[in-house]
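Architecture and fold: a report
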Amino acid sequence: MNKYRVGILGATGMVGQRFLQLLENHPQFEVTAVAASDRSQGKKYGEACTWRLFGEMPIVARTMAVQAPKPPLDCDLVFSSLPGDIARETEGSFAEAGYPVISNSSAFRMDEDVPLLIPEVNHEHLGLLERQRKRYPSGGYIVTNPNCSTIMIVMALAPLHAMFGVEATVATTLQALSGAGYPGVPSLDILDNVLPYIGGEEEKIETETVKILGRLRSDQIEHAGMKVSAQCHRVNVSDGHMAAIRVKLKREVTVDDLRDAFISYRSLPQELGLYSAPSSPIVVRNEVDRPQPKFDRDAGSGMTITIGRLQPDAVLDYRFVALSHNTIRGAAGAAILNAELLIARGVL
Ligand SMILES: NC(=O)c1ccc[n+]([C@@H]2O[C@H](COP(=O)([O-])OP(=O)(O)OC[C@H]3O[C@@H](n4cnc5c(N)ncnc54)[C@H](OP(=O)(O)O)[C@@H]3O)[C@@H](O)[C@H]2O)c1
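To start, this report covers the structure provided alongside it. (Residues numbered from 1 in each chain as written. Predicted model: local features only at pLDDT ≥ 70, side-chain atom pairs only at ≥ 80, totals over all residues. Heavy atoms only, no water.)

Describing the site of the ligand
The cut-off we apply is this: Whether a residue is near a molecule or strand depends on its heavy atoms: it is near if one of them lies within 4 Å of it. Contacts described as polar in this section are N or O atom pairs within 3.5 Å, which, within protein, must combine one atom able to donate a hydrogen with one able to accept it, while residues neighboring in sequence count only if both atoms come from side chains. Residue-level accessible areas treat just the shown protein chains as cover; the underlying method is Shrake-Rupley with a 1.4 Å probe. Runs of E in the DSSP output that reach at least two residues are strands. Runs of H or I that reach at least four are helices, and both are numbered from the N terminus. Any residue outside Ala, Val, Leu, Ile, Met, Phe, Trp, Tyr, Cys, Pro, Asp, Glu, Lys and Arg is labelled polar, Gly included; the first ten of those are nonpolar and the last four are charged.
The local shell around the ligand holds 27 residues, among which Thr12, Ser37, Arg39, Ser40 and Leu82 are the closest. Measuring from an oxygen atom of the ligand, one finds a backbone N or O atom of glycine 13 at 3.1 Å. In the environment of the ligand, an oxygen atom lies 2.9 Å from a nitrogen or oxygen atom belonging to the backbone of methionine 14. Computed on the free molecule, the ligand has an accessible area of 910 Å², of which 79% lies beneath the protein chains in the complex. When residues of the shell around the ligand are traced back to their parent elements, those giving at least two are helix H1 (14-23), helix H4 (84-96) and helix H13 (328-344). By residue class, the composition of the shell around the ligand is eleven nonpolar, 15 polar and one charged.

This is the structure in structure tokens:
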């Protein structure tokens, strides 16, 4: 089978490196173009990129010339991990030029005609792409994945909302350093410290969650009616975001009902056998001291959410802790799974 030729915008960054690593042996995609800022343009990728992942930089990438993130690029679609402030204009220009844009950035996530996609949770939101035909007559379109913490929180809420209805949720996150990109947070700010502020993060969790868990009605999303409250903290961990989550449910259920809902959760990506889909989207740990970033972030090759500390809560109904890999399920892996779904659905 011929592989789809992929361009990566923001290829030298934390998420861009993850894209290259995850796509190295992918059966459906091959990377044919890399783009980054004018600091990197014109250099070979191996010279421009400070490789920050375990394992070696993929050999094919080393000699690729880093280009400007402007169409045309020699590829069939682009994955974007550009900073939010430049993503709107740049991603828009690729969609206008006819490219499918599979984006990690926040720029288009809340646009009414843009799917904010987690394939397990809201694959039917792809119906919004019909509306983008008017915006991009060239045939290009934009599909986004949520913020890295939102993905984890929504995946944990999805089975509960489907089975019991979630009325309200409160999430307190502990977010890894790689979530701030490279070089990210200055070391003197985070050593021996916790930062109780990540710009824009709390708002993203609160607004994105109700869009993703909303329903597609004709050609728009009716946002879910639940209340969402988030507080976000940066902690001294390399990879793996964690969230302490409390939920108020619409029905009375037992702790075993919740555990069963998490464990039995399967959806379209598992049915279709998509390449990056984990066989279990959610695992539940019963040890009192799990999940932990060091031990649980790589569950399901970084695509599985790990839940633990599940117990009744004296204020809301139940509480638990969720953990996921922020640059895999929370970023590059999420976008690649989105693209695999687009192929399976005949959109790509
Ligand atoms: N890190 C995560 O866990 C995570 C999770 C979900 C979503 N995201 C989102 O993904 C995006 C990238 O995050 P990151 O962590 O990979 O950031 P990063 O490490 O700072 O990388 C940013 C990338 O964008 C390029 N870039 C910066 N300014 C540019 C410009 N003016 N024109 C063209 N390219 C430019 C950089 O190129 P140079 O190397 O040449 O400067 C680099 O390749 C952000 O929108 C972020 O919010 C990140």
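A look at the pattern of salt bridges
Where charged atoms of side chains with opposite charge meet at close range, the side chains can pair. The line we're drawing: When a carboxyl oxygen of Asp or Glu lies within 4 Å of a side-chain nitrogen of Lys or Arg, that pair is called a salt bridge. Think of it in three bands: residues with accessible area under 20% of the maximum for their type are buried, residues over 50% are exposed, and the middle band is partly exposed, with areas taken using a 1.4 Å probe on protein chains only.
Using the criterion set out here, one finds 16 salt bridges in the structure. Residue arginine 5 pairs with aspartate 76 through a salt bridge whose shortest N-O separation is 3.1 Å. Placement of arginine 5 in strand E1 (residues 4-9) and of aspartate 76 in the loop between strand E3 (66-67) and strand E4 (77-80) is noted, with a sequence separation of 71 residues between them. Residue aspartate 76 is classed as partly exposed on the basis of its relative accessible area, which comes to 32%. Because the salt bridges share partners, they merge into one network encompassing Arg88, Asp111, Asp113 and Arg135.

Details of the packing of H1 against H13
To keep it simple, the criterion reads: Angular values range over 0 to 180 degrees, each being the angle between N-to-C directions of two axes fitted as lines to C-alpha atoms, with helices fitted over their stretch in contact. Angles below 35 degrees are treated as roughly parallel, those above 145 as roughly antiparallel, those between 65 and 115 as roughly perpendicular, and all remaining angles as oblique. For any helix crossing, the convention is left-handed if the near helix is rotated counterclockwise from the far helix by under a right angle, and right-handed if that rotation is clockwise. The criterion used for residue contact is that any of the two residues' heavy atoms lie within 4.5 Å.
Where H1 contacts H13, the two axes come as close as 9 Å, and the packing angle between them is 50°. In this view, H1 runs oblique relative to H13, as classed from their interaxial angle. Regarding H1 and H13, the two cross each other, and that crossing is right-handed. Across the interface between the two elements, Val15, Arg18, Phe19, Leu22 and Leu23 of H1 pack against Ile328, Ala331, Ala332, Gly333, Ala335 and Ile336 of H13.

Section: the sheet that holds strand E13 (residues 305-312)
Under the convention used in this document: Here, a strand pair is defined by DSSP locating no fewer than two bridges between the strands.
Overall, mixed pairing links the six strands, which are arranged E10-E7-E11-E14-E13-E12 in an open sheet. In this open sheet, the two edge strands, each paired with only one partner strand, are strand E10 (227-234) and strand E12 (282-284). In this sheet, adjacent strand axes meet at a mean angle of 20° when their direction is disregarded. Here E13 pairs with strand E14 (residues 318-324) via five bridges, running antiparallel. The residue bridging glutamine 311 from the neighbouring strand is arginine 319, located in E14. Where helix H7 (residues 148-163) meets the sheet, its contacts fall on strand E7 (166-175), strand E11 (241-249), E12, E13 and E14, and the angle it forms with E11 comes to roughly 35°. Against the sheet, helix H10 (residues 255-263) contacts E11, E12, E13 and E14, and its axis sits at roughly 170° relative to E13.

Concerning the nonpolar core
Counted only if it meets this: Only buried residues count toward a nonpolar core, which is a set of Ala, Val, Leu, Ile, Met, Phe, Trp, Tyr and Cys residues joined through side-chain atoms within 4.5 Å.
Ranked by size, the top nonpolar core spans 43 residues in total, and within it Val121, Leu160, Ile245, Val247, Leu249, Ile307 and Phe320 carry the most contacts. Not counting chain neighbours up to four residues away, the residues in contact with valine 121 comprise Val154, Met155, Ala158, Ile212, Leu213 and Tyr265.

Let's talk about the sheet that holds E4
Judged by pairing direction, the sheet is parallel, and its six strands sit side by side in the order E3-E2-E1-E4-E5-E6 without closing on themselves. Pairing within the sheet leaves two strands with one partner each, and these edge strands are E3 and strand E6 (141-144). Across three bridges, E4 lies against strand E5 (residues 100-103) in parallel orientation. Bridging across to E5, phenylalanine 79 finds its partner in isoleucine 102. Relative to the sheet, H1 contacts E1, strand E2 (29-35) and E4, its axis offset from that of E1 by approximately 160°.

What about the packing of aromatic side chains?
What counts, and what does not: Planes of paired rings set the category: under 30 degrees apart is stacked, over 60 is edge-to-face and the rest tilted, where pairs are Phe, Tyr or Trp rings (Trp by its six-membered ring) whose centres lie within 6.5 Å. Note on geometry: a ring has a charge over it if NZ (lysine) or CZ (arginine) is within 6 Å of the ring centre and within 35 degrees of the ring normal.
A complete count under the given rule lists five aromatic pairs for this structure. Judged by centre distance (6.1 Å) and plane angle (50°), the ring pair of tyrosine 4 and phenylalanine 29 falls under tilted. Residue tyrosine 4 is found in strand E1, and its partner phenylalanine 29 is found in strand E2; the two are separated by 25 residues along the sequence. Looking at tyrosine 4, the relative accessible area reads 21%, which means it is partly exposed. In this structure phenylalanine 29 comes out as buried when scored by relative accessible area, which is 1%. Put simply, the rings of Tyr4, Phe19, Phe29 and Phe79 touch in pairs and so form one group of aromatic residues. Above the ring of phenylalanine 108, the side-chain terminus of arginine 88 is found at 4.2 Å from the ring centroid.

What about the pairing of E1?
Operational definition: Place the viewer so that the strands point away; then a crossover is right-handed whenever the path from the first strand over the helix to the second strand goes clockwise.
Bridging between E1 and E2 involves six bridges; their strand directions are parallel. From the neighbouring strand, isoleucine 8 faces E2, where its bridge partner is valine 34. The β-α-β motif built from E1, the intervening H1 and the parallel element E2 has right-handed crossover chirality. Here four bridges tie E1 to E4, and the two strands are oriented parallel to one another. Within the sheet, the bridge partner assigned to glycine 7 lies in E4 and is valine 78.

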